[in-house]
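Chain and residue survey
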Amino acid sequence: MGRQKNEPPPALKSPLETSSQERARAANLGSVAEGRLKLYDPQADNVRKFLDLLGRKINRPLALSFAACVHCGLCAESCHYALARPDDPTMTPAYKADQIRRIFKRHKDWTGRIIPWWVHARYPRDDADLNLLKNIVFGACSACRRCTLNCPMGVDTAALVRFTRGLLTELGIVPEGIFNVNRDQWETGNQMAVTEEDYLETIAWVREELESETGIRGIEIPVDRTDCDFLYVINPREIKFDPRSLSDAARIFHLAGEKWTLPKRGWDMTNYGLFSGDDSLGAYIAENVYQAAAWLRSGRIVISECGHGYRSTRWEGYNWAGRDQTVPTESVVITLVRYLRQGRIKVDSAKNPEPVTFHDSCNIARSGDLVEEPRWVLRRVCADFREMEPHGRENFCCTGGGGLLSTPEYRSLRLEAAKIKAEQLQATGAKLVCTMCHNCVDGLADVIKHYKLNLKVVQILELVSRALASGNVQS
Amino acid sequence: MSPFLRVLENEVQIVALLFLASVYVFRILWILRFEPTRERTRPAGSKREGIAYSLLSISMPWSMEALRKKPGFYVQFLIFHLGVTAAIAATFIIPYRPELFRTKAVVLLFQIIIGAAFVVGLMRLRRRLRNPAVRLISTPDDYFSLILMILYFAAAVLAVPNRFPTAEWTLVLFFGLTAFFLVYVPFSKISHYLYYPFARYVLGKTLGHRGVFPIKEAKEETAFGPPEK
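Residues numbered from 1 in each chain as written. Chains lettered and ligands numbered in written order. Predicted model: local features only at pLDDT ≥ 70, side-chain atom pairs only at ≥ 80, totals over all residues.

A look at the sheet that holds strand β4 (residues 329-331) of chain A
Paired through their backbone hydrogen bonds, the strands of a sheet run either parallel or antiparallel. Residue and element names in this part refer to chain A. Taken in spatial order, the 4 strands of this open sheet run β2-β1-β3-β4, and their pairing is parallel. The outermost strands of the open sheet, each flanked by one partner alone, are β2 (260-261) and β4. Inspection of the sheet shows strand β1 (residues 230-233) paired to strand β3 (residues 301-303) by 3 bridges, in the parallel sense. Counted as the bridge partner of Tyr232 is Val302 from β3. (Pairing = 2+ DSSP bridges. Helix = DSSP H or I, 4+ residues; strand = E, 2+ residues; numbered from the N terminus.)

Some thoughts on the interface of chain B and chain A
How big an interface is tends to be stated in terms of the accessible area lost upon association of its parts. Listed by partner, the interface residues are 53 residues for chain B and 61 residues for chain A. Mapped onto the side of chain B that touches chain A, the elements with two or more residues apiece are α3 (65-69), α6 (132-137), α7 (140-159) and α9 (192-209) of chain B. Broken down by element, the residue count for the side of chain B that touches chain A peaks at 8 residues, all from α9 of chain B. Among the residues forming the side of chain B that touches chain A, the class breakdown is 25 nonpolar, 10 polar and 18 charged. (Contact = placed C-beta atoms within 7 Å. Nonpolar A, V, L, I, M, F, W, Y, C, P; charged D, E, K, R; others polar.)

Overview of the nonpolar core
Most often, soluble globular proteins keep nonpolar side chains buried together rather than apart. Counting 166 residues, the largest nonpolar core has Leu231, Leu378, Ile460 and Val464 of chain A as the members making the most contacts within it. It is helix α16 (residues 279-295) of chain A that contributes the most residues to this core, 9 residues altogether. Look past the residues within four positions of Ile460 of chain A in its chain and what remains in contact with it is Glu305, Val333, Leu336, Pro374, Val377, Leu378, Cys434 and Met436 of chain A. Ranked by size, the runner-up nonpolar core spans 31 residues in total, among them Val84, Ala90, Val120 and Ala155 of chain B. (Core = buried A, V, L, I, M, F, W, Y, C linked by C-beta atoms within 7 Å. Buried ≥ 20, exposed ≤ 12 C-beta atoms within 10 Å, placed from the backbone.)

Let's talk about helix α23 (residues 438-450) of chain A
All names here are of chain A. A rise of 1.5 Å per residue sets the reference length of α23, with its 13 residues, at 18 Å; its end C-alpha atoms lie 19 Å apart and thus fit the reference within 8%. Listed as buried for α23 are His438, Asn439, Cys440, Val441, Gly443, Leu444, Asp446, Val447 and Ile448. Immediately downstream of α23, the backbone of Lys452 shows phi near 50°, a positive value. (Expected span 1.5 Å × (residues − 1).)

Here's the deal with unusual backbone geometry
Here Glu389 of chain A and Pro390 of chain A are connected by a cis peptide whose omega angle stands at -10°. Structurally, the position occupied by Pro390 of chain A is in the loop between β6 (384-386) and α21 (411-417). The residue after Phe213 of chain B, namely Pro214 of chain B, is reached through a cis peptide bond having omega -5°. At Asp224 of chain A, a residue that is not glycine, the phi angle is positive and equals roughly 60°. Residue placement: Asp224 of chain A occurs in the loop between α12 (196-214) and β1. Classification of Asp224 of chain A as partly exposed rests on a count of 15 C-beta atoms within 10 Å.

Now the structure itself:
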C-alpha cells in the first residue's frame, strides 16, 4: 500500500488577496460603512468570529448534513473534480465537506468535543486555516449538487459548501473576484456595475438595431411600464456583453403580442448571494426584483435564461428575503412553452438544421424544476436535437458554476476538471450546445476553447428566434 | 446456563438498551434544537411525494447514478444491513424465543446471512484501507466501528446455535459485545441510522417542493408536452 500524497493541488494554495477590499475601505463605500459588505481584518480574532457565526447560523438541514455522513466515499463517483483527478483523494466531496464538518464536530458534537481525535474533529488554528478552507469551498466545488443527489444518506454537501462560504464572506476571507461582484451588487444593485444611463441607452440601442435588422416596426422594449402581464428580469451580461439575448426576447414577446416591461430598478436577477453564501445580499438583490414587480403591478415575474438567477429569484430569494411568494415567478422557457402551446408564435425547425444538444444548468435541473420544458421547446425549434449522456438531473456542471468564473486563481483546476464535460460534449457529435444559462454559456465556451471542441454555445431564445417562421405577425 | 450469562442476556441488555434509548432521545432533542427552515415559495412539486421518494430511495438503487455504476456496492450494503438486522434479531430470539434456534434450518439461515455480512465487513475494511479517497476521510471511529461490526458478526455466527451448555463463551462474547454496542453506538458513526430518516426527510421535503424529487427522466416527448407550470 503506497503512501498517498494528500497535498491539495497548487490552485488551492492561493493566498488571501485583499487589494480590492483595501480599495473599498479607502473609498469608504456605503455598503462598507453600513456594514453590509464585510472586509477582512487581520487584527481580529477571526477564528472566534467564525465559530460564533457557525453556532448562530446553522440550521436543522445543515446540522443533519453535518451529522449524517458515514464516509462511504460514494460521492467521489459523482463529482467531476474527483472523476477528473482520480489520484487526488482531496477532491472527494466528503473530504471537502469534512473540512467544515470537523469544525462543526469540535464545536457542536458530543463525541467531537470530548474526544476530538477519535472523529477527526478540529478547530481552525488561525487565518491561514480559514484561507485554506476558503480555497476548498470556493475553488474545488461548483456546488452543482450532483453529490447530494447521489448520497445514500441524503447529505447535502453543496449546502455545506455554501454555508461555509457564507461564514467566510462575513469575515472577508473570500476570493477577490467574488468580493468584487458582491461589492458591485451591494453598491449598484447589479453584478456588473451597469449604470442606469448605460442600461437605458443599451436598451434603446437594442430596440433600434432590432427594428432595422428585422424590419418589424413598432417593436418596444418598455421600461417601468405598469400593469403589464409580466416583469422581465435579466442578467447584466445581456446589457454589457450579449444584448442578442434581450433582442431575441423582445422580438419574441413582440410577435406573441405580449404586454411586458423591464424595470428601471431591480432588473438584475442574478444573485451573488447564492455563490458567496451571503443570505443578506441574496435577500437584498431578490427583494429588488420582487419590489419592482409589486411597484409596477406586474402579473408575474419572468426570468431570463440564467441558472443561478432562476434558482435565486424563483426559489431561494423568497426564503432569504423572508417574503411569501405572491407573484407567479417563472423562467422565460415556460413563457416560450406557453406561446408555442397557444400558437402565439409559429416556428419552423428546419431553420435550425445543425445537430443540437442541451446542457442542463445545475441550478435549474438539480435545485429547480425544469428538465422537460427546455427539451419540449428545442424539439420544436431544432431539426436534429440529441441528448448528451448523462443529462437532466444527472448532467455534469459546465464547470463554471458556483461563481468559479469570477475566480481566475482556480481556473487551472476548473479546466482540468472540465475534462469530464468536454468528453460528454464531444460524444454527442452535436455542432451546437444549447443551454438556458448565461453562466453556462461562458463556462461551456471556456471548456470548448480549452479542449478545442468543434462546438458553439447557443441559448434557447436564440434558437427560437432563429426558428421563427415567416408567417409570424404580431398576435 | 450460568447465572452470569442469564444476567448478561437479560438485565444487562435491558439496562444498555434503556441507556441507548435515553441517549437517542437527547440526540433527537439536539437535532430539534437547530432551527428548521421554512419554504416560502409556491410549489412546483409535492412535498409528500418528495419525502416518500427520498426515504425510499435506498430501496431504488437505480435512482442514483453512483449506485448504478457500482451495483456491487449496493449488494454489499444490502447484505451488510441484513446481517445487522439478523444479529440484532438474534439478541432477542436467544433470550425470549430460544425454541426458534432449535430448528437447524433457522440457525443455518441466520449463520449464512450474518456470515455473508461478516465477509462484506472485511471487504469494506479492505476498501477503507486501500482506497486512497476513503482512507483519507476515515476516522478512528470509522475503523473501530467497522472492526467492531466484523467482530460482532463473527460472534453472532458462533452464538446463534445457542449452545450454552457446551459453548457458553460464544454467548458471553455475543451478548457482551451487544451491551457494549448499545452503549457505544450513540456516540459513534453507527448512529447514522438515527439521522438517516431525518436527513432524507429534510432533503425530500425541499426537493419535492421544487419538483426535483421524485427524479424524472428527461423523457422523449409525449403528446401532452411538459407539465403545466
